[in-house]
Amino acid sequence: MTEHGTDEASDEGTGTPVNDSLVDEPPTAAAEQPQPESHLLAESLRTFPWLRAAGVAAGTLAVEYLLVALLFLVGPSSVDLPELSDQLIQYGFVLYNAHHVPTLVTAADAEVYGSAARNVLYGAQGASVPPIVYFLIPIVSLLVVGALFERYRGDARSDSLLEEAALVGTGIGFGYVATGFAGSFVFVRTVMFDSGAEGQAAPAVLWLLILLFFLPLIFASLGAAARYLYADWASGA
């Protein structure tokens with residue numbers, strides 16, 4: 001006779017007890033399929049070289065400043081300022097003006113009070129160098145930099161043309177506006193009014209924050225898109 005309540009069951013053929021704990025069970029679905037990692041940002045955003053783009057943007061503005069300075073130091077343009085430091089600051093003002101960022105002159109005095117924004121490149125007549133040359137410096141520079149940056153992206157680039165162009169334009173735009181904003185604290189000059197009151201000239205920060213981001217966003221993106229299309233065409237040719 002077999003006693004009830006035991007944990008073992010007899011094999012009908014041999015009478016050998018079989019322990020339930022030795023019976024293999026199929027693996028669960030959770031064990032077969034590992035859980036994917038969750039990320040807040042897309043892979044393209046996480047892998048994009050943001051710091052390198054910022055460095056390229058800073059270098060681009062530095063090259064643009066040198067080009068403007070060369071037009072004054074070697075080329076036909078001239079600045080009627082006695083001090084070398086004031087001349088170097090004025091080159092910076094012209095570079096900001098070439099980005100359509102006006103120079104803001106502010107004063108606070110009993111006789112002179114308020115502010116006035118102006119762009120020396122607007123409406124300039126009889127200039128030794130046409131203003132269009134200065135306006136083209138940032139545009140051409142950003143187109144070239146966007147294309148070169150995309151060229152060295154290689155296999156790391158996105159599979160989408162629009163996404164890749166937007167990444168390059170945004171990455172360079174962030175570094176560009178950050179460098180331009182830092183420069184607004186350097187390119188500051190004291191001005192004297194006819195009344196003898198002192199004022200201060202510096203780039204208009206609000207315009208700077210808008211234009212120095214959207215200009216590279218547009219033109220660096222276009223340069224990157226052109227390089228992207230050329231690379232696809234060259235690989236299929």
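Look above for the structure.
This one's a predicted model, so the numbers in the text were calculated from it and none came from an experiment.

**So, the overall build of the protein**
For step 1, the next point in the chain: Each helix and strand in the protein was counted, giving seven helices and six strands.
For step 2, the next point in the chain: For the protein, the N- to C-terminal ordering of α and β elements is β-β-α-α-α-α-β-β-α-α-β-β-α.
For step 3, the next point in the chain: By residue count, 36% of the 237 residues in the protein fall in the buried class.
For step 4, the next point in the chain: The long-range share in the protein, meaning contacts at least 24 apart out of those at least 6 apart in sequence, stands at 70%.
For step 5, the next point in the chain: Total accessible area computed for the protein in this model is approximately 15100 Å², and 61% of it derives from carbon and sulfur atoms.

**So, the packing of helix 6 (residues 161-183) against helix 7 (residues 205-236)**
For step 1, the next point in the chain: It is at 7 Å that the axes of helix 6 and helix 7 come closest, and there the two elements cross at 145°. Considering only the axes of helix 6 and helix 7, their crossing is right-handed.
For step 2, the next point in the chain: Looking at side-chain class alone, the contact of helix 6 with helix 7 contains 21 nonpolar, five polar and one charged residues.

**Description of the pattern of salt bridges**
For step 1, the next point in the chain: This structure, assessed with the given rule, holds two salt bridges.
For step 2, the next point in the chain: Between Arg-153 and Glu-164 there is a salt bridge, with its nearest N and O atoms 2.8 Å apart. Of the two residues, Arg-153 sits in the loop between helix 5 (131-151) and helix 6 while Glu-164 sits in helix 6, which places them eleven residues apart along the sequence. Both residues of the pair, Arg-153 and Glu-164, count as buried.
For step 3, the next point in the chain: Across the pair Asp-232 and Arg-157 runs a salt bridge whose closest N-O atoms are separated by 2.5 Å. In this pair, Asp-232 is assigned in helix 7 and Arg-157 in the loop between helix 5 and helix 6, connecting sequence segments 75 residues apart.
For step 4, the next point in the chain: Arg-157 sits in the partly exposed class, given a relative accessible area of 22%.

**Here we look at the side chain of Glu-64**
For step 1, the next point in the chain: Along the chain, Glu-64 falls in helix 3 (residues 50-73).
For step 2, the next point in the chain: The side chain of Glu-64 is buried and forms no salt bridge, while Arg-52, the nearest opposite charge, is found at 18 Å.
For step 3, the next point in the chain: Looking at Glu-64, its side chain comes within polar contact range of the side chain of His-99, at 3.3 Å.
For step 4, the next point in the chain: Leave out the neighbours within four places in its chain, and Glu-64 touches Leu-95, His-99, Ile-137, Pro-138, Ser-141, Leu-142 and Tyr-176.

Cut-offs applied
- Residues numbered from 1 in each chain as written.
- Predicted model: local features only at pLDDT ≥ 70, side-chain atom pairs only at ≥ 80, totals over all residues.
- Heavy atoms only, no water.
- Helix = DSSP H or I, 4+ residues; strand = E, 2+ residues; numbered from the N terminus.
- Buried < 20%, exposed > 50% of the residue type's maximum accessible area, 1.4 Å probe, protein only.
- Contact = heavy atoms within 4.5 Å.
- Areas by Shrake-Rupley, 256 points an atom, 1.4 Å probe, with all protein chains shown as cover.
- Axes fitted to C-alpha atoms, helices over the stretch in contact; angles between N-to-C directions.
- Left-handed = near helix turned anticlockwise from the far one by under 90°.
- Nonpolar A, V, L, I, M, F, W, Y, C, P; charged D, E, K, R; others polar.
- Salt bridge = Lys/Arg side-chain N within 4 Å of Asp/Glu carboxyl O.
- Lys, Arg positive; Asp, Glu negative; His and termini not counted.
- Polar contact = N/O pair within 3.5 Å; in protein donor to acceptor, adjacent residues only side chain to side chain.

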